[in-house]
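# Fold and contact review
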Amino acid sequence: METIFRDYSNVSDAVKENYLLARTNQTVDFVDNMIKKYSTFDMKIKIWDILQHLNSLVDVSDPDMSHPNLYHAFQTAEMIKKDGHPEWLQLVGLIHDMGKIMYLKGSNEIGTGKNKQWAMVGDTFIVGCKLPDTLIFKEYNKENLDKDNSKYNTYLGIYKEGCGLYNVKCSWGHDEYLYRILTNSENSNTLPEEALYIIRYHSLYAYHDKGSYKQFMSEKDKELFKYLKLFNQYDLYSKSDILIDEKKVKSYYNNLLNKFFKNDYLYI
Ligand code: FE
Ligand code: FE
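For clarity, every value in this text was computed on a predicted model and none was experimentally measured.

### Some words on the coordination of the iron ion (ligand 1)
The iron ion (ligand 1) binds to the protein through Asp-97 (OD), His-174 (NE2) and His-202 (NE2), with metal-donor distances spanning 1.9 to 2.2 Å. Within one chain, the residues serving as donors to the iron ion (ligand 1) are arranged as D-x76-H-x27-H. A separation of 3.5 Å is found between the iron ion (ligand 1) and the iron ion (ligand 2), both of which receive a donor from Asp-97. Here His-174, found in helix 6 (residues 174-182), pairs with His-202, found in the loop between helix 7 (193-201) and helix 8 (205-208); they are 28 residues apart in sequence, far enough to count as distant. Exposure class is identical for His-174 and His-202. Each is buried.

### A closer look at the pattern of salt bridges
Side chains that carry opposite charge are capable of pairing whenever their charged atoms lie near each other. Using the criterion set out here, one finds 16 salt bridges in the structure. Here Lys-169 makes a salt bridge to Asp-32, at a shortest N to O gap of 2.8 Å. Remark: Asp-32 occurs in helix 2 (residues 28-37) and Lys-169 occurs in strand 3 (residues 169-170); sequence separation between them is 137 residues. One salt bridge in this structure joins Glu-87 and Lys-259, with 2.9 Å as the shortest N-O distance. Here Glu-87 is found in helix 5 (residues 87-95), whereas its partner Lys-259 is found in helix 10 (residues 246-260), with 172 residues between them in sequence.

### Quick look at the packing of aromatic side chains
Following the criterion strictly, the structure yields 20 aromatic pairs and no others. With 6.0 Å between their ring centres and 85 degrees between their planes, Tyr-8 and Tyr-19 make a pair best called edge-to-face. Of this pair, Tyr-8 sits in the segment before helix 1 (13-25) while Tyr-19 sits in helix 1, placing them 11 residues apart in sequence. A single burial state applies to Tyr-8 and to Tyr-19, both of which are buried. Pairing Tyr-265 with Tyr-267 gives two aromatic rings, centres 6.0 Å apart and planes at 85 degrees, and the pair type is edge-to-face. The exposure class of Tyr-265 is partly exposed, given its relative accessible area of 24%. Members of the aromatic cluster, connected to one another through ring pairs, are Tyr-8, Tyr-19, Phe-137 and Tyr-140. Lying over the aromatic face of Tyr-252, Lys-81 brings its terminal NZ or CZ to 4.0 Å of the ring centre.

The rules we used
Residues numbered from 1 in each chain as written. Chains lettered and ligands numbered in written order. Predicted model: local features only at pLDDT ≥ 70, side-chain atom pairs only at ≥ 80, totals over all residues. Heavy atoms only, no water. Donors = N, O, S within 2.8 Å, 3.2 Å for Na, K, Ca; no water. Helix = DSSP H or I, 4+ residues; strand = E, 2+ residues; numbered from the N terminus. Buried < 20%, exposed > 50% of the residue type's maximum accessible area, 1.4 Å probe, protein only. Salt bridge = Lys/Arg side-chain N within 4 Å of Asp/Glu carboxyl O. Phe/Tyr/Trp six-rings, centres within 6.5 Å; stacked < 30°, edge-to-face > 60°. Lys NZ or Arg CZ within 6 Å of the ring centre and 35° of its normal.

Below is the structure:
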């Protein structure tokens, strides 16, 4: 039997609430504040401890996920490896959701806690321009607190045609947080730009899955887009019930981490 992923027609109230709160509260100002709040990088933590910590977090936005996050990390990486993709992509499989470690420095009030996760998980969207109908639960678009701001509610909003995704602001979540961690000078690594691109935009489904936001694409985006598509197959289809023997795979990925990261810890 074929499994259907991302079926939102019959989801729990928790999933719906997560999307309603995100759609309502993720505004240009909110995102600016979150960038400021989460750019202190003042907590030193081992990479394996981050991955381990994610085990106590179940993503409330995900209709396909009932396992803790570490299983999803291993499953994604292992499937990428099985298909013969390069080491950097395998490593992205392992670490792509590490931004959810935000909950350690989070609180439910601003959607970054264990129970309220609306500024941490779920599909992202671009703030500062009109919300497209391709977002899931598009009926929530009208709740967005920026919707009546004439600076923001147009096709281009505050941006220029072809400005590049690097110059737009996405709703705050684990993608953007991990991107900022990995590009901080304290956290030296040799991940290629393709890897950082996947990490930063893997939750932007309206873009990579539904074809929205083309107006902002630069030549660079056109070049990197295919990696988002490639990665997404693994991010989705690894959410199966096959569990991974952690001990067996850990030493392999420890080697990979050593290859790409200067230290075995990150400042978050
Ligand atoms: Fe993710
Ligand atoms: Fe994921």
